[in-house]
Amino acid sequence: AIETHVGLETLEARRRMTMETPSEVAERIDLLAQRPPGHQRLEVLESEDPDTPPGTVSVRNRLTTWEYYPDEGEGGTVMERHHPHRVVADQTREVLENVLEGYDLEYVGGSDDERSNDAGSDAADDERDLDTVDGRPAHRIDAEPVSAEIERSIDLLVGETVYRIPLEETPLDDPEDATVSRSIWIDDEHRYPVKERDAVRDEDGTLLHRVTVTYEDLELDAGLESGAFTYDPPAEAEVVEIGTEPDGVFESRPAAEAAAPYDLPDPEIPDPFVRDRITVVT
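Calculation rules
- The written sequence of each chain sets the order in which its residues are numbered from 1.
- Reporting of local features is limited, given that this is a predicted model, to residues whose pLDDT is at least 70; pairs of side-chain atoms are given and counted only at 80 or more, and all residues count toward the totals for whole chains, interfaces and linings.
- Values reported for side chains reflect all heavy atoms of the structure, with hydrogen atoms and water molecules removed beforehand.
- Only DSSP runs of H or I reaching four residues or more are called helices, and only runs of E reaching two or more are called strands; each is numbered from the N terminus.
- Residues are treated as being in contact if the distance between any of their heavy atoms lies within 4.5 Å.
- For the area figures, the Shrake-Rupley method with a 1.4 Å probe applies, and any residue is considered shielded solely by the protein chains shown.
- Note on definitions: salt bridges are taken to be side-chain nitrogens of Lys or Arg within 4 Å of carboxyl oxygens of Asp or Glu.
- Using a 1.4 Å probe on the protein chains alone, a residue whose accessible area is under 20% of its type maximum counts as buried, one over 50% counts as exposed, and one in between counts as partly exposed.
- Here a cavity denotes grid points, spaced 1 Å and computed from the protein atoms alone, that fit a 1.4 Å probe unable to get out, and a pocket denotes an open set having protein on both sides within 12 Å along at least 5 of 7 lines; residues with an atom within 4 Å of a point are the lining.
- Grid points are joined across faces, edges and corners, and a volume is the space filled by probe spheres set on the points.
- Residues are grouped as follows: nonpolar covers Ala, Val, Leu, Ile, Met, Phe, Trp, Tyr, Cys and Pro; charged covers Asp, Glu, Lys and Arg; every other residue, Gly included, is treated as polar.
- In a helix, the anticipated span is given by 1.5 Å times the number of residues less one.
- This arc corresponds to the set of directions leading from the helix axis out to the C-beta atoms.
- Confidence scores here are pLDDT values: one per residue, from the predictor, ranging 0 to 100.
- We define the nonpolar core as a collection of buried residues of types Ala, Val, Leu, Ile, Met, Phe, Trp, Tyr and Cys that are connected through side-chain atoms lying within 4.5 Å of one another.

**Overview of the overall build of the chain**
So, step 1. A count of helical and extended segments in the chain gives 4 helices and 17 strands.
So, step 2. Contacts in the chain between residues at least 24 apart in sequence constitute 56% of all its contacts with a sequence separation of at least 6.
So, step 3. For the chain, the accessible area works out to roughly 16400 Å², and carbon and sulfur atoms hold 45% of it.

**A look at the pattern of salt bridges**
So, step 1. Summed over the entire model, instances satisfying the criterion amount to 18 salt bridges.
So, step 2. In this structure, Arg 136 engages Glu 189 in a salt bridge whose closest nitrogen and oxygen atoms are separated by 2.8 Å. Here Glu 189 lies in the loop between β12 (179-187) and β13 (193-201) and Arg 136 lies in strand β9 (residues 136-145), a separation of 53 residues in the sequence.
So, step 3. Residue classification places Glu 189 among the exposed residues on the basis of a relative accessible area of 58%.
So, step 4. For Arg 191, the salt bridge identified is with Asp 188, shortest N-O distance 3.2 Å.
So, step 5. On the basis of relative accessible area, Arg 191 is assigned to the partly exposed category, the value being 41%.
So, step 6. Three or more residues are tied together by salt bridges with common partners; here these are Arg 14, Arg 16, Glu 27 and Glu 216.

**Regarding empty space enclosed by the protein**
So, step 1. All chains considered together, the criterion is met by 1 cavity of 30 Å³ or more.
So, step 2. The computed volume of the largest cavity comes to approximately 40 Å³.
So, step 3. Contributing to the lining of the largest cavity are Val 133, Asp 134, Arg 136, Asp 187, Val 194, Tyr 215, Asp 217 and Leu 218.
So, step 4. Here the lining of the largest cavity is composed, by residue class, of 4 nonpolar, no polar and 4 charged.

**Let's talk about helix α2 (residues 91-102)**
So, step 1. Over its 12 residues, α2 runs 16 Å from end to end, which matches the ideal 16 Å to within 8%, given 1.5 Å per residue.
So, step 2. Those residues of α2 not exposed but buried are Thr 92, Val 95, Leu 96 and Val 99. Considered in projection along α2, the buried side chains sweep an arc of 100 degrees and stay on one side of the axis.

**Digging into the side chain of Glu 80**
So, step 1. With respect to the secondary-structure elements, Glu 80 resides in strand β6 (residues 77-82).
So, step 2. Aside from chain neighbours lying at most four places away, what touches Glu 80 is Thr 64, Thr 65, Trp 66, Val 239, Val 240, Glu 241 and Ile 242.

**Topic: the confidence of the model for the chain**
Any region with low pLDDT has predicted coordinates that should not be read closely.
So, step 1. Scored by pLDDT, the chain comes out at a mean of 86, with 87% of its residues at no less than 70.
So, step 2. For residues 112-128, every residue scores under 50 in pLDDT, and the model assigns this stretch 12 contacts once sequence neighbours within four places are set aside.

**Regarding the nonpolar core**
So, step 1. Counting 24 residues, the largest nonpolar core has Leu 11, Val 194, Tyr 215 and Leu 218 as its most contacted members.
So, step 2. For this core, the elements supplying multiple residues, two or more each, are β1 (11-20), β3 (39-47), β13 and β14 (207-220).
So, step 3. When residues in this core are grouped by element, the largest group, 6 residues, is from β14.
So, step 4. One finds Val 95, Tyr 103, Ile 141 and Ile 184 within the second-largest nonpolar core, a separate group that totals 9 residues.

Put into structure tokens, the structure is as follows:
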């Protein structure tokens with residue numbers, strides 16, 4: 001999965017997220033497009049979360065992030081945030097590496113309730129040993145933290161969302177009595193994470209919180225429409241700008257020098273680094 005992600009150019013999918021507690025279930029469906037590590041477009045199609053109603057849009061490229069909130073103001077509000085100097089970490093790769101290094105991993109193959117002891121061919125046995133995610137065979141990996149300490153949040157692999165475990169609100173005498181289980185499904189064809197389920201249970205095994213995230217209609221390196229990572233705010237929306245828009249962003253020093261009001265320094269760049277960009281900001 002790490003090797004697949006390192007070579008990944010683009011990703012498109014519908015992301016389905018289900019949040020469960022003993023008293024309620026909430027679901028959210030997003031349309032997601034990514035060009036790792038710095039480009040992402042997310043549109044909320046359906047949502048039972050009041051903080052992210054349907055129509056919410058978030059678009060990020062290397063220089064700017066736009067966030068559209070449809071329920072704020074008469075025509076909604078757009079937050080346009082300029083971050084020309086931002087260095088974006090490859091969060092999915094970092095989370096994959098953290099799971100590999102910081103968890104005890106068990107290859108499950110398929111869920112226990114989907115296995116069968118019926119006689120059959122080797123090929124049929126192999127097929128039964130895999131789960132199905134969005135109609136596609138997937139390998140299930142159970143991950144248990146090496147440290148017994150309960151983390152207050154988990155960075156999800158599927159869709160780069162942080163799942164916060166609300167232990168402070170959980171009716172436990174001692175939060176250490178809670179157990180966190182984590183399962184990850186990796187698509188058989190693409191070798192890429194397509195589903196994750198994280199659950200918190202009390203000492204008696206009673207479910208307290210659970211989140212399940214699934215990619216549907218996943219496409220890797222299929223190409224994206226032009227302008228996927230730019231955003232034109234609705235005409236009636238209020239636009240609030242944050243940060244300073246750059247005068248220009250350049251790949252070469254001569255091009256940047258032509259736009260800058262002074263001679264640019266030419267620092268030596270140590271190996272293994274290379275110059276990424278030169279930003280001119282007034």
